[in-house]
Amino acid sequence: MDRRFVSVACMSLLLAIAVSAAFYWFTVRAASGFTRVSTRPLLVATSALPMGATLKSDVVKTIQIPDNLFPSGGFSRLAEVVDRPVMTSILAGEPILEGRLAVRGSGLGLAPMIAPGSRAVSVRVNDVVGVAGFVLPGMRVDVLATGRSPKGDTSMSKTVLQNILVLSAGQTLQPEPKHQSIITPVVTLQVSPAQAEILTLANQEGHLQLVLRNSSDQKVEATSGSELSELYGVRREIPAVVASAPVRSKPMRTAAPAPVPTLVKPVEAVVLETRN
């Protein structure tokens, strides 16, 4: 056997052993420096959960997630979420969070969506004109009332409520996926107890109209209302109060005394006296 071939083979073998030893050494070093990450169970939805639905155990699953990635308000135990109403739509695979669920026993459908201290008032679309066909749940609107002025001499329109949240359009509690308009006979608004009284009175005494506004616009405008005379450019004349001059009492005129009649003797009597 050729000595040169043997030398080359031995050197190749030694080189392979050295490379293997170096690879093993680096692998052991890397493994010893690796820190194991602790995980935590997280509840996620297995299917889409619409607003107003009640959460059941068959639509929830548990996944493992690192502690540092656990979302705020998340749940790890199934008993914490079962039978709780859904206030905001949850997509499939999305974590179930505290802010998306209502308190257990708060009701079904629209009731869990009403904020504490607020009320839900429904208004017929027959009385609400304008943008009623384009109002979707979650939008913000102003409410205008049109009727006779308190003086009763002209018609006027006044913004009675501003920045009011639309809870539902008919029986629809959430916007359409394609943001299409909903034609419905009833629109439900979320108002305070005082606003509920104003809305009911305005609906009873006049006609209502919804005015759509940008949901990010939270400014409340101070309006004085518009009267019918302003619409047609008729200026109302306010009669001025003229102070009347004091009436001077005129002195009473007394009638002159009637003249005392003088007795005139007849001519015949005068002649007889002269003769005598």
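Residues numbered from 1 in each chain as written. Predicted model: local features only at pLDDT ≥ 70, side-chain atom pairs only at ≥ 80, totals over all residues. Heavy atoms only, no water.

A. Spatial organisation of the nonpolar core. Within the largest apolar cluster, 17 residues are counted, with the highest numbers of intra-cluster contacts made by Val-141, Val-143, Leu-189, Val-191, Leu-199, Leu-208 and Leu-210. Among the secondary structure elements, those contributing two or more residues to this core are strand E3 (119-124), strand E5 (140-148), strand E6 (155-169), strand E7 (186-191), helix H2 (193-205) and strand E8 (207-213). Core analysis: the next-biggest nonpolar cluster, separate from the first, contains twelve residues, Leu-55, Val-81, Ile-90 and Leu-101 among them. (Core = buried A, V, L, I, M, F, W, Y, C linked by side-chain atoms within 4.5 Å. Buried < 20%, exposed > 50% of the residue type's maximum accessible area, 1.4 Å probe, protein only. Helix = DSSP H or I, 4+ residues; strand = E, 2+ residues; numbered from the N terminus.)

B. Just the environment of Val-160, in detail. In this fold, Val-160 is placed in strand E6. Taking relative accessible area as the criterion, Val-160 reaches 27% and is therefore assigned partly exposed. Remark: the alpha-carbon pair of Val-160 and Thr-146, spanning 14 residues in sequence, is separated by 9.9 Å. Non-local contacts of Val-160, meaning those with residues more than four positions away in its chain, are made with Val-143, Ala-145 and Ile-198. (Contact = heavy atoms within 4.5 Å.)

C. Examining the side chain of Asn-163 more closely. Within the secondary structure, Asn-163 is located in strand E6. Taking the relative accessible area as the measure of exposure, Asn-163 reaches 12% and is therefore buried. Not counting residues up to four positions away in its chain, the partners in contact with Asn-163 are Arg-140, Val-141, Asp-142, Arg-213, Asp-217 and Gln-218.

D. Expanded view of H2. Under the 1.5 Å per step criterion, the end-to-end length of H2 is 19 Å for 13 residues, consistent within 8% with the ideal 18 Å. The secondary structure elements touched by the buried residues of H2 are E3, E5, E6, E7 and E8. (Expected span 1.5 Å × (residues − 1).)

E. A look at the confidence of the model for the protein chain. Counting all residues, the mean pLDDT for the protein chain is 75, and 70% of those residues have values of 70 or more. Mean pLDDT across the secondary structure elements of the protein chain bottoms out at helix H4 (residues 267-275), with 46, and peaks at strand E1 (residues 39-45), with 92. (pLDDT = per-residue confidence, 0-100.)

F. Quick look at the pattern of salt bridges. For the structure on display, the rule yields seven salt bridges. For Arg-84, the salt bridge goes to Glu-98, with nearest N and O atoms at 2.8 Å. Residue Arg-84 is located in the loop between strand E2 (60-66) and E3, and its partner Glu-98 is located in the loop between E2 and E3; the two are separated by 14 residues in the primary sequence. Using a relative accessible area of 38% as the deciding quantity, one classes Glu-98 as partly exposed. Among the salt bridges present, the one from Asp-142 reaches Arg-213, with a minimum N-O distance of 2.8 Å. Within this pair, whereas Asp-142 is found in strand E5, its partner Arg-213 is found in strand E8, the two being separated by 71 residues in sequence. (Salt bridge = Lys/Arg side-chain N within 4 Å of Asp/Glu carboxyl O.)

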